[in-house]
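# Structure at a glance
So the chains spell out like this:
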Amino acid sequence: MEKDRLQLDEHRIVDEPYYLSTGSEIEVAEAAYREGLPLLLKGPTGCGKTRFMQYLAWRFERPLITVSCHDDLSTSDLVGRYLIRAGEAFWADGPLTLAVRAGAICYLDEIVEARKDTTVVIHPLADDRRELPIEKRGELVSAPAEFMLAVSYNPGYQSVLKDLKPSTRQRFVSLSFDYPAPEFEAEIVCREGGVDTELARTLVRFAGMTRSLKDSGLAEGASTRLLIQVGKLLNQGIDVNTACPAAITESLTDDPELLAAIDEMASSLF
Amino acid sequence: MTAMDTQTLVERFYTLIAPELPNEWDVEEAVESLVDDPMLESILAQVPVIWPVSNSLCYNYLGLVQKALVCIRESDLPSWVNETLDHYEVGGLRAAQQFMLDVERNFVCRMQGRGGVRLAEVAGWLLPYVQGLAGGRLDLAAAETAFTDTGTLYLPAELTHFDREKDNTTLYKLLASYQWSFIHQNTFFPEFPGQNSGDQHNEGLEHFLNSFSEPQLAARLYHTLETLRIGFFLQKELPGLMRSTRRMRKALFPATAHDGEEASVLSVLDQQCCLLETRPTAGMELWYTEILSRLTAGDAGPETSVTLCRTLYDRVLEESKKEYVEAPVLFQGELCLQSVYAARQRQRQLIEEDFIDGLSTYLLTLPEAKGFIEEQQEKEPGEGRVQGIKPS
């Protein structure tokens, strides 16, 4: 138990994370938390979904256990498994079980990447039962009121095969995220990237230009996260004409013509 | 060289393209002029590269290579062949032949970092660049001069204004940025008193320009004023582009066109389109200082240019009677209102057709529609038929 407590303490967010609300997402999330409803966050990469969860965890004073889902992630990876130590088998809780037992927030990032069997295990946890069955132990763990389940996915580049099933989607309160409006995004870049307002505005304009390239074959344009990274490189004395290709252009594509187009956008703007 | 030597060369050719066996008379005809060539080995070394791609191209190569080697070094031959194959891949045999025909212009200039640039060469990145600027779909097409119909940016098929290829490439970017700005800044749709705000289906600008005794001169004046306004806009919006093209823009203004105090209104405006002085300088004429303050004001729009056009027209008309009116500066392009209106008309038609299609599809799903269609079908063909509704 002591070990579990120490483990959970690592997931507590002590300092208030910077989060600029651009709508009613905090109010909705608070209401969902009070009613024990799970959250589904949708939105493009780097638009602030994870930061929002960190902010909620700080606000609710709950530990935040984040699981980055991948195509090898199985139910056992989430719920737990028996391990052998010194010739003896013992049970080790997975991150989901740990979060349920402790009344933490469990955030399954990019849920559609995980194996299909994982969605089955979250179903009873995501509806009014709020229970986690641990088949291998024959145990049914009821989630305390403090527990919250949140999942995220990016509708922009998920394939049909990797879409969420309606039976899963319809258990969640959905919050749709997008890149903030230019003035808000500039404020975020200014604050997080440590650049002046004028430069932040130009970076946001640059990102906006790259986000228009879907018809040209660019799956997603520059995220707010990338803009912040440019700011951080600039703070380290890197020239803007070097920072933009390094932090944005090269991170977006390998296509020579798109690379050239994005480089030309940058050289026109800066 | 004897007939035997030609035969040896033919046999050599066959070994290079083995196991293929083309007609001997074709091969003989292609290689016979090469028998005495001191660079024969270098020439033949490219045959196995070209033959598998296209036999016809290989024969063309053998016919043109000696002429090419007058302009290019023997060591550059593989590069020339590679570029020829690139053209073949993109545009087929015809494009590759065209490329090989003018070695000086198509290859040597490029090797020396000078020469023209074709739109086809830059379109790969220029199209996403303009779509990034526009925030959505905008097409590119080749034309004699630069203009836009608001759905497509038409740019010259080739630019050869500068010696350096890099400068001509940047010039394409400048032309495209100006044409996009004309759309973005509403140059084609200024609002006139009494017109509904935001009405983009009007042809008010054309009516306005036609109200002058010399509509073409008025159009030239309005377009130049708009180019100047757009220039100030681009200085704020794309400062990097405007900074990097300052020297280029200055070079595009004919030096003889502006002659101190005697300069005409259009000549001064053309020059300022290139220089983009945002602050009044010593010697600047008073009328231009006024224009500068109007066009750089925060609320400046196409209506500002309309007002200034009215103010300056008489003076420009007088001057045009005394001296030749220069063509506008290159990056300004042309004002093609008929293309703009035609494109808008097409767009409206498409929207209308989409609406009608959508509405008919919906109507056909209604239960009443089924009975109605059956009733119509029972009637004689042509009698009482409702046009535009077909049973699905």
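Residues numbered from 1 in each chain as written. Chains lettered and ligands numbered in written order. Predicted model: local features only at pLDDT ≥ 70, side-chain atom pairs only at ≥ 80, totals over all residues. Heavy atoms only, no water.

### Overview of the overall build of chain A
Selection criterion: Where helices and strands are cited, they refer to DSSP runs of H or I of at least four residues and of E of at least two residues respectively, numbered from the N terminus. Burial classes follow relative accessibility: with a 1.4 Å probe on protein chains only, a residue under 20% of its type's maximum area counts as buried, one over 50% as exposed, and anything between as partly exposed. Two residues form a contact once any of their heavy atoms are found within 4.5 Å. Using a 1.4 Å probe, accessible areas were evaluated by the Shrake-Rupley method; residue-level cover was limited to the displayed protein chains. We score Asp and Glu as negative and Lys and Arg as positive, and we do not count His or the chain ends. Just so you know, the charge point we use is NZ for Lys, CZ for Arg, CG for Asp and CD for Glu.
Of regular secondary structure, chain A possesses 12 helices and 9 strands. By its C-alpha atoms, chain A is 65 × 40 × 40 Å across when sized along the principal axes. Residues counted as buried form 49% of the 270 residues belonging to chain A. Considering only intrachain contacts with a sequence separation of at least 6, the fraction spanning at least 24 residues in chain A is 72%. By element, 49% of the accessible surface of chain A is carried by carbon and sulfur atoms, the whole surface being about 13,000 Å². Side chains of chain A give 29 positive and 43 negative charges; the mean places of these two sets differ by 6 Å.

### So, the packing of aromatic side chains
So the rule is basically this: Under the pairing criterion, centres of Phe, Tyr and Trp rings, with the six-membered ring standing for Trp, must be within 6.5 Å; the plane angle then separates stacked pairs below 30 degrees from edge-to-face pairs above 60, leaving the rest tilted. By the criterion adopted, a ring carries a charge over it if an Arg CZ or a Lys NZ lies within 6 Å of its centre and within 35 degrees of its normal.
One pass over the full model with this rule turns up 19 aromatic pairs over all chains. Ring geometry for F206(A) and F270(A): centres 6.2 Å apart, planes at 85 degrees, overall edge-to-face. Of the two residues, F206(A) sits in helix α9 (residues 197-210) while F270(A) sits in the segment after α12 (256-269), which places them 64 residues apart along the sequence. On the basis of relative accessible area, F206(A) is assigned to the buried category, the value being 0%. Seen in terms of ring centroids, F147(B) and Y154(B) are 4.5 Å apart; in terms of plane orientation they differ by 10 degrees. Their pairing is stacked. Residue F147(B) is classed as buried on the basis of its relative accessible area of 13%. Members of the aromatic cluster, joined through ring pairs, are Y19(A), F52(A), Y55(A), W58(A) and F177(A). A cation over a ring is seen here: R211(A) above Y179(A), with NZ or CZ 3.7 Å from the ring centre.

### Some remarks on the packing of α9(A) against helix α10 (residues 224-235) of chain A
Residues and elements named next belong to chain A. Counted only if it meets this: The angle between two axes is taken between their N-to-C directions and runs from 0 to 180 degrees, where each axis is a line fitted to C-alpha atoms and a helix contributes only its stretch in contact. Oblique is the label for any angle not covered by the other classes, which are roughly parallel (under 35 degrees), roughly antiparallel (over 145) and roughly perpendicular (65 to 115). Left-handed describes a crossing whose near helix is turned anticlockwise from the far helix by less than a right angle; the clockwise case is right-handed.
Contact geometry for α9 and α10: axes closest at 10 Å, N-to-C directions at 140 degrees. It follows that α9 is oblique to α10 by the angle criterion. Every pair of crossing elements has a handedness; the one defined by α9 and α10 is right-handed. Judged by residue contacts, L199, L203, V204 and A207 of α9 engage L227, V230 and L234 from α10.

### A closer look at the sheet that holds strand β8 (residues 148-153) of chain A
All names here are of chain A. Definition in use: Here the rule is simple: two strands pair whenever DSSP picks up at least two bridges between them.
Taken together, 5 strands build an open sheet; the order of strands is β2-β5-β8-β1-β9 and the sheet is parallel. A strand with exactly one partner marks an edge of an open sheet, and here the two such strands are β2 (64-68) and β9 (173-176). Within the sheet, the average angular offset between the axes of one strand and its neighbour, ignoring direction, is 20 degrees. Where strand β5 (residues 105-109) and β8 come together, 4 bridges link them in parallel fashion. Looking at the pairing, L108 lines up with V151 of β8.

### Digging into the side chain of T253(A)
All names here are of chain A. Spelled out, the test is: As used in this structure description, the phrase polar contact means that two N or O atoms lie within 3.5 Å; if the pair is within protein, one of them must be able to donate a hydrogen and the other to accept it, and residues adjacent in sequence are counted only when both atoms belong to side chains.
Positionally, T253 belongs in the loop between α11 (240-252) and α12. Note on T253: relative accessible area 11%, which makes it buried. A distance of 2.9 Å separates a polar atom in the side chain of T253 from the backbone nitrogen of D255. In this structure T253 touches L218, L258, L259 and I262, once residues within four positions along its chain are discounted.

### Considerations on the pairing of β5(A)
All names here are of chain A. Of all 5 residues in β5, 5 are buried, a share of seventy percent or more. Burial of β5 is two-sided: the residues I105, Y107 and D109 facing one way and the residues C106 and L108 facing the other way are all buried. Pairing of β2 with β5 involves 5 bridges; the strand directions are parallel. Each residue of the ladder has a partner; that of I65, found in β5, is C106.

### Some thoughts on the interface of chain B and chain A
As a reminder of what qualifies: Every case where a carboxyl oxygen of Asp or Glu lies within 4 Å of a side-chain nitrogen of Lys or Arg is listed as a salt bridge.
At the interface, 18 residues of chain B touch 16 residues of chain A. Taken together, the connections running from chain B to chain A amount to 2 salt bridges. Ionic pairing is found between K173(B) and E264(A), a salt bridge with its closest N-O pair at 2.6 Å. Between chain B and chain A we count 9 residue pairs in polar contact (both at pLDDT 80 or more) in total. Among the secondary structure elements, those contributing two or more residues to the side of chain B that touches chain A are α8 (119-134), α9 (165-184) and α12 (239-244) of chain B. With 7 residues, α8(B) is the largest single contributor of residues to the side of chain B that touches chain A.

### Description of the domain arrangement of chain B
Our working definition: Where a domain begins and ends is set by an automatic assignment or by a domain database.
According to the domain assignment, chain B contains domain 1 (3-111), domain 2 (114-183), domain 3 (185-335) and domain 4 (339-378). In this structure, domain 3 of chain B and domain 4 of chain B have C-alpha centres spaced 44 Å apart.

### Here's the deal with the domain arrangement of chain A
The accessible area lost on association of the parts is a frequent measure of interface size. Residue and element names in this part refer to chain A. So the rule is basically this: The quantity reported as buried area is the accessible area (1.4 Å probe) lost by two parts once they are put together, taken as the sum for both. Under the convention adopted here, Pro, Cys and the residues Ala, Val, Leu, Ile, Met, Phe, Trp and Tyr are nonpolar, Asp, Glu, Lys and Arg are charged, and Gly plus all remaining residues are polar.
The domain architecture assigned to chain A consists of domain 1 (2-176) and domain 2 (182-269). In this structure, domain 1 and domain 2 have C-alpha centres spaced 31 Å apart. Taken residue by residue, the interface counts 11 residues in domain 1 and 9 residues in domain 2. Summed over both partners, the interface of domain 1 with domain 2 comes to about 940 Å²; 56% of that surface belongs to carbon and sulfur atoms. Its largest share of buried area at the contact with domain 2, domain 1 owes to Y18, L20 and G46, together 58% of the area lost on that side. Counting across the domain 1 and domain 2 interface gives 1 salt bridge. We note a salt bridge from E192 to R51, for which the minimum N-O separation is 2.9 Å. Linking domain 1 with domain 2 are 5 residue pairs in polar contact (both at pLDDT 80 or more), by the criterion used here. Looking at side-chain class alone, the side of domain 1 that touches domain 2 contains 5 nonpolar, 5 polar and 1 charged residues.

### Thoughts on the pattern of salt bridges
By the definition in use, this model includes 25 salt bridges over all chains. Put simply, E318(B) and K321(B) hold a salt bridge, and the shortest N to O gap is 3.6 Å. Of the two residues, E318(B) and K321(B) both sit in helix α16 (residues 302-322), 3 residues apart, roughly one turn of that helix. Connected through shared salt-bridge partners, D93(A), R101(A), R137(A) and E139(A) make up one network.

### Quick look at the packing of α10(A) against α11(A)
Residue and element names in this part refer to chain A. Packing of α10 against α11 brings their axes to within 9 Å, and their N-to-C directions diverge by 150 degrees. The angle between α10 and α11 falls in the class roughly antiparallel. The handedness of the crossing between α10 and α11 comes out as right-handed. Every residue of α11 that contacts α10 at L226, L227, Q229, V230, L233 and L234 is listed here: V240, A243, C244, A246, A247, I248, S251 and L252. Partitioned by chemical class, the residues of the contact of α10 with α11 number 12 nonpolar, 2 polar and no charged.

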